[in-house]
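Read off the chains here:
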Amino acid sequence: MSLPPLVEPAAELTVDEIRRYSRHLIIPDVGVEGQKRLKNARVLCVGAGGLGSPALLYLAAAGVGTLGIIDFDTVDESNLQRQVIHGVSDVGRSKAESAAASIREINPLVNVEIHNTALDRENVRDIFSRYDLIVDGTDNFATRYMVNDAAVLLGKPYVWGSIYRFDGQASVFWAEHGPCYRCLYPEPPPPGMVPSCAEGGVLGVLCASIGSIQVNEVIKLLAGIGEPLVGRLMVYDALEMSYRKIKVRKDPNCVLCGENPTLTDLMEDYEDFCGAVSDEAQEAVVDSTITALELKDWQDSGKDIFLVDVREPAEYEIVRIPGATLIPKGEILSGEALAKFPQDRQIVLHCKSGVRSAEALAALKAAGFSDAVHLQGGVLSWVKQVDPSLPAY
Ligand SMILES: [Zn+2]
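Notes on the structure in this doc start here. Bear in mind that the values here come from a model prediction, so they are computed numbers and not experimental data. (Residues numbered from 1 in each chain as written. Predicted model: local features only at pLDDT ≥ 70, side-chain atom pairs only at ≥ 80, totals over all residues. Heavy atoms only, no water.)

## A short note on the overall build of the chain
Using the following cut-off: Counting from the N terminus, the helices are the DSSP runs of H or I reaching at least four residues and the strands are the DSSP runs of E reaching at least two. Radius of gyration here uses only the C-alpha atoms, and the compact-globule reference equals 2.2 Å multiplied by the residue count raised to the power 0.38. Whether a residue is buried, partly exposed or exposed follows from its accessible area with a 1.4 Å probe, protein chains only, as a fraction of its type maximum: under 20%, in between, or over 50%, in that order. Contacts are assigned to residue pairs that have any heavy atoms within 4.5 Å of one another. The method behind every accessible area is Shrake-Rupley, applied with a 1.4 Å probe, and residues are considered shielded solely by the protein chains displayed. His is not counted here, nor are the chain ends, while Lys and Arg score as positive and Asp and Glu score as negative. For the purpose of locating charges, the reference atoms are NZ of Lys, CZ of Arg, CG of Asp and CD of Glu.
Helix and strand content of the chain: 17 helices and 13 strands. What you see for the chain is a C-alpha radius of gyration of 24 Å, in line with the 21 Å of a compact globule of 393 residues. Principal axes of the C-alpha set define a box for the chain whose edges measure 80 × 50 × 40 Å. Counting every position in the chain, which comprises 393 residues, the buried fraction comes to 51%. Taking the contacts inside the chain whose residues are at least 6 apart along the sequence as the reference set, 69% of them involve residues at least 24 apart. For the chain, the exposed area adds up to about 18100 Å²; of that, 51% sits on carbon and sulfur atoms. Seen as two clouds, the 36 positive and the 54 negative side-chain charges of the chain have centres 6 Å apart.

## Brief notes about the coordination of the zinc ion
As a reminder, the rule being used: Only N, O and S atoms count as donors, using a 2.8 Å cut-off from the metal and 3.2 Å for Na, K and Ca, and because water is excluded some sites may appear unfinished. Key to geometry: four donors with every angle between 85 and 135 degrees are tetrahedral; four donors are square planar and six octahedral where opposite donors lie over 155 degrees apart and all remaining angles lie between 65 and 115; all other sites are irregular.
The zinc ion binds to the protein through C180 (SG), C183 (SG), C254 (SG) and C257 (SG), with metal-donor distances spanning 2.3 Å. The coordination sphere of the zinc ion comprises 4 donor atoms, whose angles at the metal cover 93 to 120 degrees; the geometry is tetrahedral. All donors of the zinc ion belong to a single chain; written as a sequence motif, their spacing is C-x2-C-x70-C-x2-C. With a gap of 74 residues between them, C183 in helix α8 (residues 181–184) and C257 in the loop between β8 (242–247) and α11 (270–274) connect regions that are remote in the sequence. Taken individually, C183 and C257 each receive the classification buried, so the pair is uniform in this respect.

## Here we look at the packing of helix α4 (residues 52–62) against helix α10 (residues 204–223)
Packed helix pairs are specified by the crossing angle of their axes together with the interaxial distance, meaning the distance between the axes. Definition in use: Each axis is a line fitted through C-alpha atoms, and for a helix only the stretch in contact is used; angles between axes span 0 to 180 degrees, taken between their N-to-C directions. To sort the angles, those under 35 degrees are grouped as roughly parallel, those over 145 as roughly antiparallel, those from 65 to 115 as roughly perpendicular, and the leftovers as oblique. Here a crossing is taken to be left-handed if its near helix is turned anticlockwise relative to the far helix by less than a right angle, and right-handed if that turn runs clockwise.
For the pair α4 and α10, the least separation of the axes is 8 Å and the interaxial angle reads 40 degrees. The orientation of α4 with respect to α10, classified from their angle, is oblique. Once α4 is placed against α10, the crossing between them reads as right-handed. Of the residues in α10, those touching α4 at P54, A55, Y58, L59 and A62 are C207, A208, G211, V215, V218 and I219.

## Focus: the packing of aromatic side chains
Given two aromatic rings, one states the distance between the centres and the angle between the planes to describe the pair. Short version of the rule: Only rings of Phe, Tyr and Trp enter the pairing, Trp through its six-membered ring, and a pair is recorded when the two centres are within 6.5 Å. The plane angle decides the type: under 30 degrees is stacked, over 60 is edge-to-face, the rest tilted. Geometrically, a charge over a ring is one whose NZ (Lys) or CZ (Arg) sits within 6 Å of the ring centre while staying within 35 degrees of the ring normal.
Counted according to the given criterion, the structure contains 9 aromatic pairs. Between Y145 and Y181 the ring centres are 5.1 Å apart and the planes differ by 70 degrees, which places this aromatic pair in the edge-to-face class. Within this pair, whereas Y145 is found in helix α7 (residues 141–154), its partner Y181 is found in helix α8, the two being separated by 36 residues in sequence. Owing to a relative accessible area of 0%, Y145 belongs among the buried residues under this scheme. Consider the rings of F173 and Y181, whose centres lie 5.9 Å apart with planes at 80 degrees: the pair is edge-to-face. Y181 shares its class with F173; the two are buried. An aromatic cluster is defined as three or more aromatic residues linked by ring pairs; in this entry it consists of Y145, Y158, W160, F173, Y181 and Y185. Against the face of W298 rests K303, its NZ or CZ located 4.4 Å from the ring centre. In this arrangement the basic side chain of R320 is found over the ring face of Y316, its NZ or CZ atom lying 4.1 Å from the centre.

## Digging into the pattern of salt bridges
The criterion, for reference: By salt bridge we mean one thing: a side-chain nitrogen of Lys or Arg within 4 Å of a carboxyl oxygen of Asp or Glu.
Tallied over the full model, the rule gives 18 salt bridges. Residue D126 is joined to R130 by a salt bridge in which the shortest nitrogen-to-oxygen separation is 2.9 Å. D126 gets classed as partly exposed once you look at its relative accessible area, which sits at 42%. For R130, a relative accessible area of 37% corresponds to the partly exposed category. A salt bridge links E317 to R320, with the nearest nitrogen and oxygen atoms 3.8 Å apart. The class for R320 is partly exposed, based on a relative accessible area of 35%. If you follow the salt bridges from partner to partner, you end up with R121, E122 and E268 in one network.

## Observations regarding helix α16 (residues 355–366)
Rule in force here: An expected span of 1.5 Å times one less than the residue number is assigned to each helix.
Taking 1.5 Å of rise per residue, 12 residues should cover 16 Å, and α16 covers 17 Å from first to last C-alpha, within 8% of that figure. When α16 is considered as a whole, its buried residues turn out to be R356, S357, A358, E359, A360, L361, A362 and L364. Residues of α16 that are buried in the fold lie against α9 (197–200), α12 (279–285), α14 (313–318), α15 (329–333), β12 (346–350) and β13 (373–375). Just beyond α16, the residue with positive phi is G368, at close to 105 degrees.

## Re the sheet that holds strand β1 (residues 42–46)
Worth spelling out the cut-off: When DSSP finds two or more bridges between two strands, those strands count as paired.
Strand order in the open sheet formed by 8 strands is β3-β2-β1-β4-β5-β6-β7-β8, and the pairing between neighbours is mixed. Of all strands in the sheet, those bounded by a partner on one side alone are β3 (111–115) and β8. The sheet shows a mean angle of 15 degrees between the axes of neighbouring strands, direction not considered. Where β1 lies against strand β2 (residues 66–70), 5 bridges are found, and the strand directions are parallel. What sits directly across from R42, in β2, is T66. Of the strands in this sheet, β2 and β3 are in contact with helix α5 (residues 95–106), which crosses β3 at around 175 degrees.

Written as structure tokens, this is what we have:
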């Protein structure tokens, strides 16, 4: 399915622009007309992180006239492995500001609009309505569903991408012409089932593989060329080096874009919809949660504690809390590792951020270890509150 161009062409290209974009202008399918459309286009990138970094760099170089960047985060050293729009001197700086500076360096003809804020249900419509097209580079389900819902409600197309370890996916969601994200994934995954990149890792260059597919689709939509990835899901496996295209149909029962939609406005609470942890875990942590400082006190006072790290071995290799024994969450949930837990010592579970340890705590309590506790904020809060010399990965 080919679609008409999303954007009207600008009146003209300047001499500078003709020089700069000559390699585009001589491609018959792009030409002066296509380049004028890019010049007139307003594209918003949600997130200047793993996917947003390569996407913004190439959108800027391609001559998209106005680029919006929304990101409230600051650049961290652990971002530099993949977020190539930021550099060492940007650590600690706002990601949106840092990305804008890189864009100006690549192409000063691009007009950059910075939204140094978190996208939320209060501002999402207002921000999205100022752009022709949205690039979704978010890394969490709550924002992803909100981006989808706002785009559908406003009738905007958006180019979606997702990455994890060696696997990437991309698609174009545009309810007017095809399915939306909810047609593909009506429900978020159960809490704790799908680890984030912060928990599970991501191959840095995968961001470029998927981010470049996203830019490719943006250019096609803006200029009205080729077959946009509407109604098709691109699935990339970097280890197999395979690209598969899967047909995605519009779901007539989709609550948002189906025949009888029940979701006619943004949801009240996307975090709640996507659930940080399961009900069991939420229940298990009540009165069974300690802080990093409390754990340190327990250790210093010689209390007989059995400290268990429920992360994966690779994470344990990177950084560990002194005295911790590694028993990955999966072994606790399956019951396989229960025999390793002593009955007569204070059990303390921890993970990276406190989500997995909450799940493991629920399983442990269900198995009769009612006095077990977990560490709030996991290794990250230990590093922050007790030992900043350790790496926060
Ligand atoms: Zn839908």
